[in-house]
Amino acid sequence: MAERPEDLNLPNAVITRIIKEALPDGVNVSKEARRAISQAASVFVLYATSCANNFALKAKRKTLNAGDVLAAMEEMEFERFLEPLREALEVYKKGQKGKKEVSEQKRKDREKKPDSENEKSREEEEEEEEERMEEEPEAENDAEDEEVEN
């Protein structure tokens, strides 16, 4: 864990982007105000994480999950954010499921390719073997013809 809370500040670019998205065009924010918002956001994240961790500990788990975070938001009296958070969580889960399906399909495709390539090479080997067998009797016949002529 970090030694000081200042070590845990969120990146300034992220804070600036969030501020710009939250405010109407033409509103300026001083450097001092951005710094204060950044520190407040960091404190909020630490507090929310601590509350969520308490729920995980009560459940005798070491891993925080989304349910812990939602319960923490409710405990912190941020109920009005619960529904947007649930919606965002559903969107995230659907995106992850889609990524997983795409990844699984790619894996299956990769597994199929070597098989189809192996089938091709087997077919090619069989064709080459057949050609060799056809050529060998011809070569033997030529050799026999030469012996007969001698």
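Anyway, here's the lowdown on the structure attached to this text. Because the structure is predicted, anything quoted here is derived from the model rather than measured.

Considerations on the packing of helix α1 (residues 12–22) against helix α2 (residues 31–58)
No. 1: Between α1 and α2, the shortest axis-to-axis distance is 10 Å and the interhelical angle comes to 105°. In this view, α1 runs roughly perpendicular relative to α2, as classed from their interaxial angle. Between α1 and α2, the residues in contact are N12, I15, T16 and I19 and R34, I37, S38 and A41, respectively.
No. 2: Each residue belonging to the contact of α1 with α2 can be placed in one class, and the counts come to 4 nonpolar, 3 polar and 1 charged.

Some thoughts on the packing of α2 against helix α3 (residues 66–75)
No. 1: At a closest axis distance of 8 Å, the pairing of α2 and α3 adopts a crossing angle of 115°. Taken together, the axes of α2 and α3 are roughly perpendicular relative to one another. Between α2 and α3 the crossing geometry is right-handed. Counting all contacts with α2, which are made through F44, A48, C51, A52, F55 and A56, the residues of α3 involved are D68, V69, A71, A72, M73 and E75.
No. 2: Considered class by class, the residues forming the contact of α2 with α3 number 10 nonpolar, no polar and 2 charged.

Each value, and the rule that gives it
Residues numbered from 1 in each chain as written. Predicted model: local features only at pLDDT ≥ 70, side-chain atom pairs only at ≥ 80, totals over all residues. Heavy atoms only, no water. Axes fitted to C-alpha atoms, helices over the stretch in contact; angles between N-to-C directions. Helix = DSSP H or I, 4+ residues; strand = E, 2+ residues; numbered from the N terminus. Parallel < 35°, antiparallel > 145°, perpendicular 65-115°, else oblique. Contact = heavy atoms within 4.5 Å. Nonpolar A, V, L, I, M, F, W, Y, C, P; charged D, E, K, R; others polar. Left-handed = near helix turned anticlockwise from the far one by under 90°.

Remember, this is a structural readout, not a statement about activity or role.
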